[in-house]
Amino acid sequence: MTELTIKQLVVARGGIPVVRGIDLTVRSGEISVVLGSNGAGKTTSLEGISGIIPAKGAILLDGEDISGQAAGIRARRGLRHVEQGRTVFPEMTTEENLKVALAPGASLDEAYGLFPELVQRRDIKSAMLSGGEQQMLVIARALVGRPKVILIDEMSSGLAPVIVSRLMEAVRKLADGGMAVLLVEQFANLALGVGNRAYVLRRGAVVYNGGCEALLKDPARLHHLYLGDVADSVAMHA
Amino acid sequence: MNSLLTSAVAGLSAGGAYAILGVCAIFTYRLVAVVNFTGAAIGATGTFVMVALYESGVPLALAVPVGIVAGALAALAVGLVMATWFSGAAASTKAAVTAALLVGIIAVGLRLTGGQHPHNFPDLIPGSAFRLAGVEVTWAAVVTIAISVLFTFITEQFLARTQTGLELRALSQRPMAAELIGIRVKLLALSVWAVMGAVTAFALMVIAPQRAPDFMSLSLLVVPALAAALIGAFASFRAALAGGMAIGIIEGLASGLDTFSQYRGAIPFLVILAVLMWSQRGARFDEAR
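Quick notes on the rules
- Residues numbered from 1 in each chain as written.
- Chains lettered and ligands numbered in written order.
- Predicted model: local features only at pLDDT ≥ 70, side-chain atom pairs only at ≥ 80, totals over all residues.
- Heavy atoms only, no water.
- Helix = DSSP H or I, 4+ residues; strand = E, 2+ residues; numbered from the N terminus.
- Rg over C-alpha atoms; globule rule 2.2 N^0.38 Å.
- Buried < 20%, exposed > 50% of the residue type's maximum accessible area, 1.4 Å probe, protein only.
- Contact = heavy atoms within 4.5 Å.
- Pairing = 2+ DSSP bridges.
- Right-handed = clockwise from strand over helix to strand, strands pointing away.
- UniProt positions renumbered as here; feature names shortened; annotations may be inferred.
- Buried area = accessible area lost by both parts, 1.4 Å probe.
- Salt bridge = Lys/Arg side-chain N within 4 Å of Asp/Glu carboxyl O.
- Polar contact = N/O pair within 3.5 Å; in protein donor to acceptor, adjacent residues only side chain to side chain.
- Nonpolar A, V, L, I, M, F, W, Y, C, P; charged D, E, K, R; others polar.
- Phe/Tyr/Trp six-rings, centres within 6.5 Å; stacked < 30°, edge-to-face > 60°.

### Some remarks on the overall build of chain B
(1) Moving on: Check the secondary structure of chain B and you find 14 helices and two strands.
(2) Moving on: Here the C-alpha radius of gyration of chain B, 19 Å, is about what a compact globule of 289 residues would show, namely 19 Å.
(3) Moving on: Over its C-alpha atoms, taken along the principal directions, chain B stretches across nearly 60 × 60 × 35 Å.
(4) Moving on: Burial analysis of chain B (289 residues in total) assigns 47% to the buried set.
(5) Moving on: Across chain B, contacts joining residues at least 24 apart in sequence account for 75% of those joining residues at least 6 apart.

Pasting the structure below:
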């Protein structure tokens, strides 16, 4: 049973705090969804957790604080970050992209089982794949590293809804297989549909921490959580 | 005609060294994304360590490996600077840093090696290997060419067929993504630098007796090295190999012609100019239209 616990995470960009002391928890078999409008601090939070940028606060992986470790060490300890922007290795084939991340004992079949679409594209340079296939590839690449926790950032960006649904289904499978997933997403409804716990960020702080289902059933509340005072102001003037 | 052939063959040894240096330049550019101006200076460091040991009575069989290790260590030092402080910097910044380091290494190297003070460079591989159309081809030329071909072949195969090669290619394409899948980015980058330093040091040891034996002259072999790398568009090891050989042969030919012999040092510059102009031909053509 893996648990990633984030306590009082503070992350700054250019000296300005973007994430202001947030607490998050992700457990094996669960998807924790992080929502929020542009600039809320979602991507910055993930980058702080995975070690791309320095962060203050505690990052506990199975109880051990890994906040002082470099990104590569965190990755080798089981924390995999799927960045936004579909970061395939463009000059390498689909299969090479997977092989380079293969953990001892892991098999490429795990990746192809999750995304059979990639089988026929195994010898194609990943730069030539479609956006959806590239997103599948980076998720599959994280999977074959046998991580304990996977952080996924904005995987739906620029993709057709049918592809996004396919990806959400695959992420749900990862969690059902025992992985802990922290999913940052713009498309709230799709993410809440597959998630277990939701966190809504506004201006770098958590303004909601609770079940996904409750939020999915109450769009007005979600709207208010996203926009805060602006929503109140709009409602007053309506 | 025979004198021209003699001159061309005389350029083979230098051509082999240029080819090795050019392939090493692409090696560092492709794998750690650095246009490295310090390559030849690092090789010169190893070469002068070997010479210093040799001059103080250490047997060549020991001085050469120690010199190679010194080249690797010098490269590691440069690599450490680049990997620690400039791993995320733009390519132009990295190139500027290595140019600055080149100036620093030359200054220190000249001071430690006595400036223009003549040194006794041993012929590591003496003698004539065979005659080509009546012209003697030295073992030094044969060995440098063989090393350059072998290094190119091994590098290509290593990158294509091994797990570490895959990791190096991933590192070269997206360093952050490579780190996020657990690749030991810094260790790999430093290994690339060390291999480059060792190979460069040995190449310069072989050709040093045929060159002006001072630290600066050897360090400035970076110019033909980068010209060779440019011919390979900083991507193709084989084109750089051929380019380095061609530059060496043209230099050799020029040294056999009275009119051009004084300007043969400018040949790499002309090659760089020609390659850059050729690479811009599309843009110029579009402007003209």
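### Observations concerning the pairing of strand S8 (residues 180-184) of chain A
Residue and element names in this part refer to chain A.
(1) Moving on: Of all five residues that make up S8, five are buried, and the element is covered over most of its length.
(2) Moving on: Residues Ala180, Leu182 and Val184 point to one face of S8 and Val181 and Leu183 to the other, with burial holding for every one of them.
(3) Moving on: One ladder, built from four bridges, connects strand S3 (residues 31-35) with S8; its direction is parallel. Note that in S8 the partner of valine 34 across the bridge is valine 184.
(4) Moving on: Tracing the backbone out of strand S7 (residues 149-153), into helix H6 (residues 161-176) and back to the parallel element S8 gives a crossover that is right-handed.

### Things to note about the UniProt feature "transmembrane region" (unreviewed entry) in chain B
Residues and elements named next belong to chain B.
(1) Moving on: Residues given the UniProt feature "transmembrane region" (unreviewed entry) here are residues 29-53, 60-83, 95-112, 133-154, 187-208 and 220-250.
(2) Moving on: In residues 187-208, the share of helix is 95% and the share of strand is 0%. The end C-alpha atoms are 31 Å apart.
(3) Moving on: Secondary structure content for residues 220-250 is 77% helix and 0% strand, and the end C-alpha separation is 18 Å.

### Considerations on the interface of chain B and chain A
(1) Moving on: Each partner contributes residues to the interface: chain B has 16 residues there, and chain A has 22 residues.
(2) Moving on: Summing the contributions of chain B and of chain A, the shared interface buries around 1,700 Å²; its carbon and sulfur component is 61%.
(3) Moving on: With its nearest N and O atoms 3.0 Å apart, the salt bridge here joins glutamate 96 of chain A to arginine 169 of chain B.
(4) Moving on: Between the two partners, chain B and chain A, sit eight residue pairs in polar contact (both at pLDDT 80 or more).
(5) Moving on: Counting only elements with at least two residues in the side of chain B that touches chain A, the list comes to helix H6 (163-173) and helix H7 (175-180) of chain B.
(6) Moving on: The dominant element in the side of chain B that touches chain A, judged by the number of residues it contributes, is H6 of chain B, at six residues.
(7) Moving on: In terms of residue class, the side of chain B that touches chain A is made up of eight nonpolar, three polar and five charged.

### Focus on the packing of aromatic side chains
All names here are of chain B.
(1) Moving on: The tally for this structure, following the rule as stated, stands at four aromatic pairs over all chains.
(2) Moving on: Centre to centre, the rings of tyrosine 29 and phenylalanine 234 are 5.2 Å apart; their planes meet at 65 degrees, and the pair counts as edge-to-face. In this pair, tyrosine 29 is assigned in helix H1 (residues 2-32) and phenylalanine 234 in the loop between helix H10 (222-231) and helix H11 (237-255), connecting sequence segments 205 residues apart.
(3) Moving on: Judged by its relative accessible area of 31%, tyrosine 29 falls in the partly exposed class.
(4) Moving on: With a relative accessible area of 14%, phenylalanine 234 lands in the buried category.
(5) Moving on: Ring centres 5.4 Å apart and planes at 90 degrees place the aromatic pair phenylalanine 48 and phenylalanine 121 in the edge-to-face group. Placement of phenylalanine 48 in helix H2 (residues 39-55) and of phenylalanine 121 in the loop between helix H4 (91-113) and strand S1 (128-132) is noted, with a sequence separation of 73 residues between them.
(6) Moving on: By way of ring pairs, the aromatic residues Phe48, Phe121 and Phe215 are connected into one cluster.

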